Each structure stands twice: as structure tokens, then as C-alpha cells.
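Reading the structure
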Amino acid sequence: MVSQCCHCRRPRRPAPPDRTKALSENQIAALLRLDVGLREKTFWKLLYESAARADEVLCLNVDDLYPQDKRGRITAKGGATEWIHWQSGTAQLLPRLIARRTCGPLFLTDRKAPAGTPAGRMRGDRPGPPFLPPGGGDLRGDHPAAGQPPRCGPCSCY
């Protein structure tokens, strides 16, 4: 049986086979030794030490963290609240990344929005379709489901 999109009933394209391989211990050590910014180093270290999904870690807010317990509250795939735990490498970097902040996103960016981009567009509260998929990006405007919340995630049939 061919899987169908829940919005338009078109057949879904099959996902390509995952051919990624785990990094070796030496590759991970080399990655963590790279001279990169504090934000990236903390992100990579937290991913490695917690084994959490990248999108879960990127959604962390400062007030979701319990640094004294080396853990943080995340919203897992499917919407369940779960906990991630980290080790001393992340525990040493987090206070520098957080600085004196008590709330807001953990991983802030230094980049400015491109010229001509309304500030609201970066947050998703812009005119047009009222819904943006949780994975980011817009549903295609010419797709029958544009502007409607997906029941099973962003439509992948196009």
C-alpha cells in the first residue's frame, strides 16, 4: 500500500534511504576542538553529550534549563515533555552562553535579518497563510493544504 498525504491524498514520495554513518571518536574529538564560536561549540557539545535531536536542542529556552542538575526540559517529537541530560563539557560552556539571561531562546544568533525583510517575518507572525509548519518553512502556496495546520507534519508529497 502506498502512503498518502493526509491533506491532498496524493501519493507520498518515499524517503530516501539513510546512508549516514556515525562519526568515529577521533572525528568527534576533532570537531569539538575546532576554533568556532561559543554558541556552536555549546550546541555541538550538548548534542553529543545528550544524544538529543537537533531541533529539540534548538528549541530550548534559558528557563527550560536546570544547570545544577545538568538537565533541561524539552518538547520531544510528538509533543511529549521529556528531559535531556548533559555532562561536564556542556555544563562548563552553558554559563558563558547564558550570561545573565533568565529567559528567552538558549541559542541566539548574531545575524541580522536580510535587508527588506520585515521583523515579524522572522518570527512567523506575518500576513498570509496563518500557519507555519513546526519544522520551519512555509507550506507551498499552490498546494491544496496551504494555510492549514498539518495533521501529520509538513506535507512531503511535492
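Residues numbered from 1 in each chain as written. Predicted model: local features only at pLDDT ≥ 70, side-chain atom pairs only at ≥ 80, totals over all residues. Heavy atoms only, no water.

This paragraph deals with the pairing of strand 3 (residues 81-85). With 5 bridges connecting them, strand 2 (residues 71-75) and strand 3 associate as antiparallel partners. Paired with Ile74 across the two strands is Glu82, which belongs to strand 3. Between strand 2 and strand 3, which follow one another and run antiparallel, lie 5 residues, and Gly78 among them has a positive phi close to 95°. (Pairing = 2+ DSSP bridges. Helix = DSSP H or I, 4+ residues; strand = E, 2+ residues; numbered from the N terminus.)

What follows concerns the sheet that holds strand 2. Here 3 strands make up an open sheet; going across it, the order is 1-2-3 and the pairing antiparallel. Of all the strands in the sheet, the pair left with one neighbour each is strand 1 (65-66) and strand 3. Both strand 1 and strand 2 contribute to a ladder of 2 bridges, which runs antiparallel. Its bridge partner lying in strand 2, Tyr66 is registered against Arg71.

The biggest cluster of nonpolar side chains holds 15 residues, and the ones touching the most others in it are Leu46, Val57, Leu60, Leu65, Ile84, Leu106 and Phe107. Of all the secondary-structure elements, those providing two or more residues to this core are helix 2 (38-50) and helix 4 (88-98). Ranked by residue count, the leading element in this core is helix 4, at 3 residues. Ignoring any residue separated from it by four or fewer positions in sequence, one finds Leu65 in contact with Leu60, Arg71, Gly72, Trp86, Leu94, Ile98 and Leu106. (Core = buried A, V, L, I, M, F, W, Y, C linked by side-chain atoms within 4.5 Å. Buried < 20%, exposed > 50% of the residue type's maximum accessible area, 1.4 Å probe, protein only. Contact = heavy atoms within 4.5 Å.)

Another aspect to go through is the pattern of salt bridges. Following the criterion strictly, the structure yields 3 salt bridges and no others. Among the ionic pairs, Arg39 bridges to Glu40, the shortest N-O distance being 3.1 Å. Looking at Arg39, the relative accessible area reads 24%, which means it is partly exposed. Linking Arg71 and Asp69 is a salt bridge whose minimum nitrogen-to-oxygen distance equals 3.8 Å. With a relative accessible area of 25%, Arg71 lands in the partly exposed category. (Salt bridge = Lys/Arg side-chain N within 4 Å of Asp/Glu carboxyl O.)

This paragraph deals with the packing of aromatic side chains. Within this structure, the stated rule accounts for 2 aromatic pairs. Between Phe43 and Phe107, the ring centres sit 5.5 Å apart and the planes meet at 80°, which makes this aromatic pair edge-to-face. Here the residue Phe43 occupies a position in helix 2, and Phe107 occupies one in the loop between helix 4 and helix 5 (119-123), the gap between them amounting to 64 residues. Judged by relative accessible area, which is 16%, Phe43 ranks as buried. The cationic tip of Arg71 hangs over the ring face of Tyr66; the distance from NZ or CZ to the ring centre is 5.5 Å. Lying across the ring of Trp83, Arg71 places its NZ or CZ 3.9 Å from the centre. (Phe/Tyr/Trp six-rings, centres within 6.5 Å; stacked < 30°, edge-to-face > 60°. Lys NZ or Arg CZ within 6 Å of the ring centre and 35° of its normal.)

Two packed helices can be described by the angle between their axes and the distance between those axes. Across the interface, helix 2 lies against helix 4 with an axial gap of 9 Å and an inter-helix angle of 150°. At the point where helix 2 passes helix 4, the crossing takes the left-handed sense. Residues Leu38, Arg39, Lys41, Thr42, Lys45, Leu46 and Glu49 of helix 2 touch helix 4, and the partners they reach there are Ser88, Gly89, Thr90, Leu93, Leu94, Arg96 and Leu97. Across the contact of helix 2 with helix 4, the residue classes break down as 5 nonpolar, 4 polar and 5 charged. (Axes fitted to C-alpha atoms, helices over the stretch in contact; angles between N-to-C directions. Left-handed = near helix turned anticlockwise from the far one by under 90°. Nonpolar A, V, L, I, M, F, W, Y, C, P; charged D, E, K, R; others polar.)

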